[in-house]
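As a plain string of letters, each chain reads:
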Amino acid sequence: MCIRDSCKTNGSDKETSELAKKWAETLGPEAGMKMLLKMNLVDAVIEYQMDRNEFDEALKMAQENAKHKIYDVHLRYALFLEDERRYKEAEDEFVKAGKPGEAINMYEHQGDWHSALQVARQFEPNSVPQILVSQGKSLIEKRDYAKAEACFINCLLYTSDAADDLLCVDLGGRRIIKKKT
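Residues numbered from 1 in each chain as written. Predicted model: local features only at pLDDT ≥ 70, side-chain atom pairs only at ≥ 80, totals over all residues. Heavy atoms only, no water.

S.K.: Lay out the nonpolar core with the relevant residues and their values.
M.R.: Of all hydrophobic cores here, the largest spans 37 residues; its most connected members are Leu36, Ile46, Val73 and Ile131. Ignoring anything within four residues of it in the chain, the contact list for Ile46 reads Ala58, Met61, Ala62, Ala66, Lys69 and Val73. (Core = buried A, V, L, I, M, F, W, Y, C linked by side-chain atoms within 4.5 Å. Buried < 20%, exposed > 50% of the residue type's maximum accessible area, 1.4 Å probe, protein only. Contact = heavy atoms within 4.5 Å.)

Written as structure tokens, this is what we have:
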């Protein structure tokens, strides 16, 4: 426990993680992992690995010893991939992190409406109308009125199709009754 006490009083969590990882490596994978688990430093080591962009190692450690960190690893990897402009891979990681909305936002910021809609239709169907409206607004700014109109019409068609299965549908604060009971 002296390594932990020393680092906690004299260093940061990152320094503790780095020192613990180096110590674990000298003990070998199995003994090192047991030591980290005993000292309850697995989360810190996973964070350290993610800081170093060692996502495969961080994910493996999370899967084996800290399942609650798996989503965090996927999310951090997705953000890294987005920064690297590897958008499709980032999308996959956002979905694995349980954050498909982040993938949708990423594509919207890129103006990749097709990909945003594809993710939305698969994982967050309720967001499709808002994406269509955003796309339409973007097209109006570009003075492409015919395509903007098509987006708005698709939005209305999408919401009316969705409403067929419901008693009512919410369109921006207005409730439109579709069926009488």
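The structure having been displayed, the exposition proceeds.
S.K.: Account for the confidence of the model for the protein chain, with residues named and values stated.
M.R.: A low pLDDT score tells you not to read the predicted coordinates there in detail. Averaged over the protein chain, the pLDDT score is 82; the fraction of residues at 70 or greater is 78%. No element of the protein chain has a lower mean pLDDT than strand E2 (residues 174-177), at 45, and none a higher one than helix H7 (residues 87-96), at 98. Of the regions scoring below 50 in pLDDT, residues 166-171 engages in 18 contacts with residues more than four places distant in sequence or in other chains. The model gives residues 173-181 a pLDDT under 50, and that stretch makes 20 contacts with residues more than four places away or in other chains. (pLDDT = per-residue confidence, 0-100. Helix = DSSP H or I, 4+ residues; strand = E, 2+ residues; numbered from the N terminus.)

S.K.: Which residues make up the environment of Glu54, and what values do they have?
M.R.: Following the sequence through the fold, Glu54 ends up in the loop between helix H4 (42-51) and helix H5 (55-65). Among the residues examined, Glu54 registers a relative accessible area of 15% and is labelled buried. As for Glu54 and Tyr77, which are separated by 23 residues in sequence, their C-alpha atoms are 9.1 Å apart. Beyond its immediate stretch of four places on either side in the chain, Glu54 contacts Lys21 and Gln49.

S.K.: Give a description of helix H10 (residues 128-141) that names residues and reports values.
M.R.: Spanning 14 residues, H10 covers 20 Å between terminal C-alpha atoms, matching the ideal 20 Å at 1.5 Å per step. Residues Val128, Pro129, Ile131, Leu132, Val133, Gln135, Gly136, Ser138 and Leu139 constitute the buried set of H10. (Expected span 1.5 Å × (residues − 1).)

S.K.: How would you explain unusual backbone geometry if you had to name every residue and give the values?
M.R.: The backbone of Arg85 sits at a positive phi, close to 65°, despite the residue not being glycine. For Arg143, which is not a glycine, the phi torsion comes out positive at approximately 60°. Residue position: Arg143 is located in the loop between H10 and helix H11 (145-163). On the basis of relative accessible area, Arg143 is assigned to the exposed category, the value being 64%.

S.K.: How would you sum up the state of the cysteines? Please name residues and give values.
M.R.: Under the defined criterion, the tally for this structure stands at 0 disulfides. Note on Cys151: no disulfide assigned, nearest cysteine sulfur contributed by Cys155 at a separation of 9.3 Å. Residue Cys155 is classed as buried on the basis of its relative accessible area of 9%. (Disulfide = S-S within 2.5 Å.)

S.K.: Quick rundown of the environment of Ala148? Include the residues and the values.
M.R.: If you trace the backbone, Ala148 turns up in helix H11. Linking Ala148 and Gly136, residues 12 residues apart in sequence, is a C-alpha distance of 4.2 Å. If sequence neighbours within four positions are ignored, Ala148 has contacts with Gly136, Leu139 and Ile140.

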